[in-house]
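The residues making up each chain are set out below.
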Amino acid sequence: MSSRRATRSRGIPLLLVAPIAGAGALLGVPLVALIARAPWGELARELSSPEVLTALRLSLVCSLSATALSTLLGVPLAWLLARVDFPGRRLLRALVMLPMILPPVVGGVALLLAFGRRGLLGAWLDRAFDVQLPFTLAGAVLAETFVALPFLVIAAEAGFRQVDARLEQAAATLGATRLRVFARVTLPLAAPALAAGAALCWARALGEFGATITFAGNLPGRTQTLPLAVYIALETHPEAAFAMSLVLLGVAIALLVALRENWMGR
Amino acid sequence: MTPRLRLAAGLALALALGSGARAEHPKPVLVFAAASLTESFRALGEAFARAHAPARAEFSFAGSPALVAQIESGAPADVIATADAATLARLEESGALADAPAVFARNRLEIAVERGNPKGVKGLADLAREDLVVILCAETVPAGRYAREALKAAGVAVEPKSLEENVKAVLNKVALGEADAGIVYTTDVRSAAGRVAGVAIPDAQNTIASYPIALVKRAGAQPGARAFLDFALSAQGQAVLARFGFLPP
């Protein structure tokens, strides 16, 4: 504690009490309301209905696939951003971060225009390989990856930056190839950050709604993930929507706790 | 006066002036309307504002069950118009409506296909073809239920690729070319003129949608709400709706 530059203030200045309480209420009350309103007595029954189980299973498949795809595509990109000095690096980083602040529904529209049957690339995919992404599970994975990838890249880039380059140089002077240095030195040292990035990426993919419903549509068992099922159920069967929301909230809280212990708490 | 006090006084004055200025223009009537009413109700709102100035209407368009769910959660709607009676009945039963709903328009179903109908869709029977990407509304939405009634009447089994949340989403995905066909309302095809083509569904298979409108019971309701409802049912309002392809009630 003593090493921290900012000293902790002893009381809360009076002027700040109201905005702090307001922020606490804004963030906290909706969560409390969700927990209070949840159909606790019928939770097991609501969550074991075929519709919910289908959405749950699909959500797991899609979000885990999106995380795997993000890792595959994102780790090399993060390494590039962290380690290679090239013109346009800042521009590329900004581009990578764009889906984080872009409204997801806009992302969905952009994906349609890119990978839809009449899209820039999609028309070619359709003609050359008879591949159509909208309304498919692959489309849902793609939408989730588009939105979640930046979370992995940013965490991984920070992880690579933390790795002491002298350790890599030492390994190289001892005769290790570049690939071996990366696999045996860089990657293990950056692993905690990569794991945290993957966890955040997975959480974002799990919660994805706007890009998915816009690009992949909404079909139970194919593209109707949990958030979509919550949205549809809210209109006609709110108890199921509350129960599913509770599951998503629980996952989010568990993830934050896990990340805090493994990574942020240090 | 300290600078801070002066600022506060200035803000208070601005607020007072602001609300004073607004008093001459009554708050708009907030109308919740089914997605299929998007274009027609905007036009109806303009005609209403011309006929009943300074009263005016503002709209929130969404799938009918979404509107009902919002009102159940306390959304400040003055008037609600849905695409079927069953959805609105939920509000009537819970006592959220000020009076019994009145049907103000009817609508027919139509198949929306891509411009020029490149896949040669001729009727509902074609929607069972495996080379077609067909999308429908979810069964929670009136258009989805009507579409299933029509398919049942035609004896056609369809495997939709997506169950969209409102009828405009179906229309737009057909317009974008992502889906080959979708079942929407005649009025949707007409308002999307040029972006999609329509394939008529014969009367024997078609389902006629009835649109009810009602006042929402709430404190501080707008006096203009009743006027808007009456306007929708008046000859002038009916003329606007007819222009968009709606059938009289």
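Here the residue numbering is sequential within each chain, running from 1 through the sequence in written order. Naming scheme: in the order in which they are written, chains are lettered from A and ligands are numbered from 1. Under the rules for a predicted model, residues below a pLDDT of 70 receive no local features and side-chain atom pairs below 80 are neither given nor counted, while totals for whole chains, interfaces and linings still include all residues.

A.B. asks: Help me out: how do you make sense of the overall build of chain B in this one?
C.D. replies: Counting from the N terminus, the helices are DSSP H or I runs at least four residues long and the strands are E runs at least two residues long. When helices and strands are counted, chain B shows 9 helices and 10 strands. Among the 249 residues that make up chain B, the fraction classed as buried is 47%. Summarising the internal contacts of chain B: among those between residues at least 6 apart in sequence, 80% fall at separations of at least 24. Burial is judged by counting other C-beta atoms within 10 Å of a residue's own C-beta: 20 or more means buried, 12 or fewer means exposed, and anything between counts as partly exposed, with every C-beta placed from the backbone. Our contact criterion uses C-beta atoms placed from the backbone: two residues qualify when those atoms are within 7 Å.

A.B. asks: What's the story with the sheet that holds strand β10 (residues 209-215) of chain B in this structure? I'm lost.
C.D. replies: Sheet strands pair by backbone hydrogen bonding; their relative direction is either parallel or antiparallel. Residues and elements named next belong to chain B. If you trace the 5 strands from one edge of the open sheet to the other, you get β2-β1-β3-β10-β4, paired in mixed fashion. Unpaired on one side and paired on the other, β2 (57-62) and β4 (102-107) mark the two borders of the sheet. Pairs of neighbouring strands in the sheet enclose a mean axial angle of 20°, with direction left out of account. Relative to strand β3 (residues 79-81), strand β1 (residues 29-34) runs parallel, the two sharing 3 bridges. Between any two strands, at least two bridges found by DSSP are needed for them to pair. Orientation is described by lines fitted to C-alpha atoms, with helices fitted over the stretch in contact, and by angles between N-to-C directions that extend from 0 to 180 degrees.

A.B. asks: How do you make sense of the interface of chain A and chain B when you look at a structure like this?
C.D. replies: For interface size, the figure often reported is the accessible area lost on association. Taken together, the contact pairs 14 residues of chain A with 15 residues of chain B. Among the elements that take part in the side of chain A that touches chain B, helix α11 (residues 226-236) of chain A stands out by supplying 4 residues, more than any other. Looking at the side of chain A that touches chain B residue by residue, the class counts come to 6 nonpolar, 5 polar and 3 charged. Under this grouping Gly is polar, as are all residues other than the nonpolar Ala, Val, Leu, Ile, Met, Phe, Trp, Tyr, Cys and Pro and the charged Asp, Glu, Lys and Arg.

A.B. asks: Looking at this structure, I do not really get the domain arrangement of chain B. What am I missing?
C.D. replies: Residue and element names in this part refer to chain B. A domain assignment, automatic or from a database, supplies the domain bounds used here. When cut into domains, chain B gives domain 1 (3-106 + 210-243) and domain 2 (109-200). Each partner contributes residues to the interface: domain 1 has 13 residues there, and domain 2 has 12 residues. Tallying contributions element by element places helix α2 (residues 38-52) first for the side of domain 1 that touches domain 2, with 3 residues. Per-class residue counts for the side of domain 1 that touches domain 2 are 4 nonpolar, 7 polar and 2 charged.

A.B. asks: Could you clarify how one ought to interpret the packing of helix α5 (residues 104-115) of chain A against helix α7 (residues 137-162) of chain A in this entry?
C.D. replies: Any two packed helices are characterised by the angle at which their axes cross and by the distance between the axes. Residues and elements named next belong to chain A. One can describe the packing of α5 onto α7 by two numbers: an axis separation of 10 Å at closest approach and a directional angle of 125°. By the angle between their axes, α5 is oblique relative to α7. You can see that α5 and α7 cross each other, and the crossing is right-handed. Contacts between α5 and α7 involve Pro-104, Gly-107, Gly-108, Leu-111 and Phe-115 on the former and, on the latter, Leu-142, Ala-143, Phe-146 and Val-147. Throughout this description, any angle smaller than 35 degrees is read as roughly parallel, any larger than 145 degrees as roughly antiparallel, any in the 65 to 115 degree range as roughly perpendicular, and the remainder as oblique. In this scheme the handedness of a crossing depends on how the near helix is turned from the far one: anticlockwise by less than a right angle means left-handed, clockwise means right-handed.

A.B. asks: Where do I start with the sheet that holds strand β8 (residues 181-185) of chain B in this structure?
C.D. replies: Residue and element names in this part refer to chain B. Here we have 5 strands laid out as an open sheet, ordered β7-β6-β8-β5-β9, and mixed in their pairing. Unpaired on one side and paired on the other, β7 (162-164) and β9 (196-200) mark the two borders of the sheet. With strand direction ignored, the average angle separating the axes of adjacent strands in the sheet is 35°. As judged from the 2 bridges shared by strand β6 (residues 134-137) and β8, these two strands associate in the parallel manner.

A.B. asks: What's the story with the nonpolar core in this structure? I'm lost.
C.D. replies: When a protein is soluble and globular, its nonpolar side chains tend to lie buried together. By convention in this section, buried Ala, Val, Leu, Ile, Met, Phe, Trp, Tyr and Cys residues joined through C-beta atoms within 7 Å make up a nonpolar core. Among the nonpolar cores identified, the biggest contains 137 residues, and Ala-156 and Met-244 of chain A together with Val-31, Val-79, Ile-80 and Phe-228 of chain B are the most heavily contacted of them. The element best represented in this core is α7 of chain A, accounting for 15 residues. No fewer than three residues from each of domain 1 (3-106 + 210-243) and domain 2 (109-200) of chain B sit in this core. In this view, Phe-228 of chain B contacts Val-29, Val-31, Phe-48, Ala-57 and Val-79 of chain B; residues no more than four positions away in its chain are not counted.

A.B. asks: Before we go on, may I ask you to explain the confidence of the model for chain A in this structure?
C.D. replies: Low pLDDT marks regions whose predicted coordinates should not be analysed in detail. One number per residue, pLDDT, summarises how confident the predictor is, and it ranges from 0 to 100. Scored by pLDDT, chain A comes out at a mean of 90, with 94% of its residues at no less than 70. Looking at the elements of chain A, mean pLDDT is at its lowest for helix α12 (residues 238-264) of chain A, recorded as 85, and at its highest for α7 of chain A, recorded as 96.

A.B. asks: How do you make sense of the packing of α2 of chain B against helix α8 (residues 224-233) of chain B when you look at a structure like this?
C.D. replies: All names here are of chain B. Running from amino to carboxyl end, α2 crosses α8 at an angle of 120°, the nearest separation of the two axes being 11 Å. By crossing handedness, the relation of α2 to α8 is classed as right-handed. Contact with α2, carried on its side by Leu-44, Phe-48, Ala-51 and His-52, involves Gly-224, Ala-227, Phe-228, Phe-231 and Ala-232 of α8 and no other residues of that element. Residue composition of the contact of α2 with α8, by class: 7 nonpolar, 2 polar and no charged.

A.B. asks: What's the story with the environment of Asn-218 of chain A in this structure? I'm lost.
C.D. replies: Following the sequence through the fold, Asn-218 of chain A ends up in the loop between α10 (210-215) and α11. As for Asn-218 of chain A and Leu-228 of chain A, which are separated by 10 residues in sequence, their C-alpha atoms are 7.1 Å apart. Residues within four places of Asn-218 of chain A in sequence aside, it is in contact with Ile-213, Thr-223, Gln-224, Leu-228 and Ile-232 of chain A together with Ala-138, Ser-162, Leu-163, Glu-164 and Glu-165 of chain B.

A.B. asks: Just checking my understanding: could you explain the confidence of the model for chain B for this structure?
C.D. replies: Residues and elements named next belong to chain B. For chain B, per-residue confidence averages 88 on the pLDDT scale, and 89% of positions sit at 70 or higher. Low pLDDT (under 50) marks residues 17-23, which in the prediction has 0 contacts with non-local residues, meaning those over four places away or in another chain. This prediction of the complex comes with two scores: 0.81 for pTM and 0.78 for ipTM.

A.B. asks: Can you help me understand unusual backbone geometry in this one?
C.D. replies: Leaving glycine aside, a negative phi is the common case for residues, and trans is the common case for peptide bonds. The omega torsion across Ala-53 of chain B and Pro-54 of chain B is 10°, close enough to zero to call that bond cis. Tracing the backbone through its elements, the reader meets Pro-54 of chain B in the loop between α2 and β2. Of note, the phi angle at Asp-130 of chain A is positive, near 55°, even though the residue is not glycine. One non-glycine residue with positive phi stands out, namely Asn-117 of chain B, at about 45°. Along the polypeptide, Asn-117 of chain B turns up in the loop between β5 (109-114) and β6. Overall, Asn-117 of chain B belongs to the partly exposed group, with 16 C-beta atoms counted inside 10 Å.

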